[in-house]
Amino acid sequence: MKKRIVAAVVVAALIPGTVAAAQTQVQKYGHLNTTEKLVEDWQSHQEELYLDSLELLALMVEAEAGDQPIEGKKLVVDVVLNRIDSPDFPNSIEEVITQKYAFTSYWDGSIDRVWEPAATTYQAIEEELENRTNYEVLYFTAEEYGKYGTHWGKVGDHYFSKK
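For clarity, every value in this text was computed on a predicted model and none was experimentally measured.

Peer 1: Account for the overall build of the protein chain, with residues named and values stated.
Peer 2: Helices and strands together make up the secondary structure of the protein chain, namely 7 helices and 3 strands. Beginning at the N terminus, the succession of helices and strands in the protein chain can be written as α-α-α-α-α-α-α-β-β-β. At a minimum sequence separation of 6, the contacts of the protein chain that also span at least 24 residues come to 57%. Put simply, the protein chain shows about 9800 Å² of open surface, and 53% of that area lies on carbon and sulfur atoms.

Structure (structure tokens):
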């Protein structure tokens, strides 16, 4: 339930005026014209895809960093968002998370064992979508720095690296 609320707030912020415009037309004409109905259906589909992506992100963050402080969770979110922004990685949350061997929790199945992400996981995602903490980190590992990127810093049990 929390997933849907956080995502709905984010989606509403991304497409301001859409609902209001549709409501105005219904009030004025009693219906939506065909073009606007198609646009409304498309936007609804896009919102659903976006909500699914945010749910996948929450599950992945919980699986990767569920036992980490919120600062660490935020940086894991930033890794995904920064990869989306990078020309070296895929362009969507789902494509970044499911990229072959990118995130251990996806490939070893531990993401499937997450029953419900913690409130701090949702908080980390919401805060990073509103105001990203870090625009540099692209990689993280546990126990030691990985072989990719330049060392950035350690937060909790994770070692983060930038390009």
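Peer 1: Run through unusual backbone geometry, naming residues and quoting values.
Peer 2: For Y101, which is not a glycine, the phi torsion comes out positive at approximately 65°. Structurally, Y101 can be placed in the loop between α5 (93-98) and α6 (104-107). We note that E143 has phi near 80°; this positive angle belongs to a residue other than glycine. Assignment of secondary structure puts E143 in the loop between β1 (137-142) and β2 (150-155). The exposure class of E143 is exposed, given its relative accessible area of 71%.

Peer 1: Describe the packing of aromatic side chains, with residues and values.
Peer 2: Per the counting criterion, the structure on display carries 8 aromatic pairs. Ring geometry for Y101 against W107: centres 5.6 Å apart, planes inclined by 45°, an arrangement best described as tilted. With relative accessibility at 40%, the residue W107 sits in the partly exposed group. Among the aromatic residues, ring-to-ring pairing joins F103, F140, W152 and F160 into one connected group.

Peer 1: How would you explain the pairing of strand β3 (residues 158-162) if you had to name every residue and give the values?
Peer 2: Along β3, 4 of the 5 residues are buried, which leaves the element largely enclosed by surrounding structure. The pairing of β1 with β3 spans 5 bridges and is classified as antiparallel. Residue pairing across strands places F140 opposite F160, the latter belonging to β3. Bridging between β2 and β3 involves 5 bridges; their strand directions are antiparallel. When the sheet's bridge partners are listed, K154 is paired in β3 with Y159. Taking the residues that link successive antiparallel strands as the turn, the β2-β3 hairpin has 2 residues, and the phi of G156 there is positive, at about 60°.

Here is what the cut-offs are and how they apply
Residues numbered from 1 in each chain as written. Predicted model: local features only at pLDDT ≥ 70, side-chain atom pairs only at ≥ 80, totals over all residues. Heavy atoms only, no water. Helix = DSSP H or I, 4+ residues; strand = E, 2+ residues; numbered from the N terminus. Contact = heavy atoms within 4.5 Å. Areas by Shrake-Rupley, 256 points an atom, 1.4 Å probe, with all protein chains shown as cover. Buried < 20%, exposed > 50% of the residue type's maximum accessible area, 1.4 Å probe, protein only. Phe/Tyr/Trp six-rings, centres within 6.5 Å; stacked < 30°, edge-to-face > 60°. Pairing = 2+ DSSP bridges.

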